[in-house]
Amino acid sequence: QKEVEQDPGPLSVPEGAIVSLNCTYSNSAFQYFMWYRQYSRKGPELLMYTYSSGNKEDGRFTAQVDKSSKYISLFIRDSQPSDSATYLCAMSGAYSSASKIIFGSGTRLSIRP
Amino acid sequence: NAGVTQTPKFQVLKTGQSMTLQCAQDMNHNSMYWYRQDPGMGLRLIYYSASEGTTDKGEVPNGYNVSRLNKREFSLRLESAAPSQTSVYFCASRRQETQYFGPGTRLLVL
């Protein structure tokens, strides 16, 4: 079993829809939860970062962490064609320079105009 | 600031050839990483360097070697390329829980 599971999609929704992207994980030691966005033929870039459980909002994006269920989500409101990309969840345990970040396999999202 | 730079952007190798992928960062980060990304597999860690002078194996180190030349530069070497090493390679540096990725090197091994 992978430490981090993510539905690969692809996911296609019309412009303006609410998008929900999800990941599950098995390692209860994870404390830091991230979402990266990767445009085609580019490197991933950090979109949002959450510590422990709870919600975090940034504009049209909301990240949720439920540590009791080992489940994290990213919601995109009023989705735009420019949101079309692959979204990777990532997580890690207590921070140290030697700790590793574990990535999900990514969900490919397409927003139809 | 250029961030994380990688060279080359694209390379074609024949089986058995060797090559070195170069990575440099100008953000004064201690930690640097090499990943490969394959369809459906996400990012898999090859090697990482927690600080200048140290390197450690990641999830898929076989067939690769690394050198942390100084704080800025972290290179990845393929001594004898195999078709299974066809992939997109990303270098990253890290500040706390944020990783900063380079633009990637697309490698094709025939």
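Figured I'd write up the structure that's included with this text.

## Considerations on the packing of aromatic side chains
Working step 1: With the rule as written, the count across this model stands at 13 aromatic pairs over all chains.
Working step 2: Seen from their ring centres, Y25 of chain A and F33 of chain A are 5.3 Å apart, and the 45° between their planes marks the pair as tilted.
Working step 3: Taking the relative accessible area as the measure of exposure, F33 of chain A reaches 1% and is therefore buried.
Working step 4: Look at Y33 of chain B and Y48 of chain B: their rings are 6.0 Å apart centre to centre, the planes differ by 15°, and that puts the pair in the stacked class. Separated by 15 residues along the polypeptide, Y33 of chain B in strand β4 (residues 31-38) and Y48 of chain B in strand β5 (residues 42-49) bring together distant segments of the chain.
Working step 5: Of the residues examined, Y33 of chain B reaches a relative accessible area of 0% and is grouped as buried.
Working step 6: According to the relative accessible area criterion, Y48 of chain B is buried, its value standing at 7%.
Working step 7: What links up through ring pairs into an aromatic cluster is the set Y36 and F103 of chain A together with Y33, Y35, Y48, F90 and F101 of chain B.

## Overview of the layout of surface pockets
Working step 1: Its boundaries defined by the atoms lining it, the largest pocket holds a volume of some 760 Å³.
Working step 2: Lining the largest pocket are 28 residues, and of these Q38, R41 and T86 of chain A together with Q37 and R106 of chain B lie nearest its centre.
Working step 3: Where the lining of the largest pocket is concerned, the elements lending two or more residues are β9 (85-92) and β11 (107-112) of chain A together with β4, β9 (87-95) and β11 (105-109) of chain B.
Working step 4: When its residues are assigned to classes, the lining of the largest pocket shows nine nonpolar, 13 polar and six charged.
Working step 5: There is about 350 Å³ of room inside the second largest pocket.
Working step 6: Around the second largest pocket sit 17 residues that line it, and I102 and F103 of chain A together with L43, R44 and E59 of chain B are the ones nearest its centre.

Conventions adopted
- Residues numbered from 1 in each chain as written.
- Chains lettered and ligands numbered in written order.
- Predicted model: local features only at pLDDT ≥ 70, side-chain atom pairs only at ≥ 80, totals over all residues.
- Heavy atoms only, no water.
- Phe/Tyr/Trp six-rings, centres within 6.5 Å; stacked < 30°, edge-to-face > 60°.
- Buried < 20%, exposed > 50% of the residue type's maximum accessible area, 1.4 Å probe, protein only.
- Helix = DSSP H or I, 4+ residues; strand = E, 2+ residues; numbered from the N terminus.
- 1 Å grid on protein atoms, 1.4 Å probe; cavity = no way out; pocket = protein on both sides within 12 Å on 5 of 7 lines; lining within 4 Å.
- Points joined across faces, edges and corners; volume = space filled by probe spheres on them.
- Nonpolar A, V, L, I, M, F, W, Y, C, P; charged D, E, K, R; others polar.

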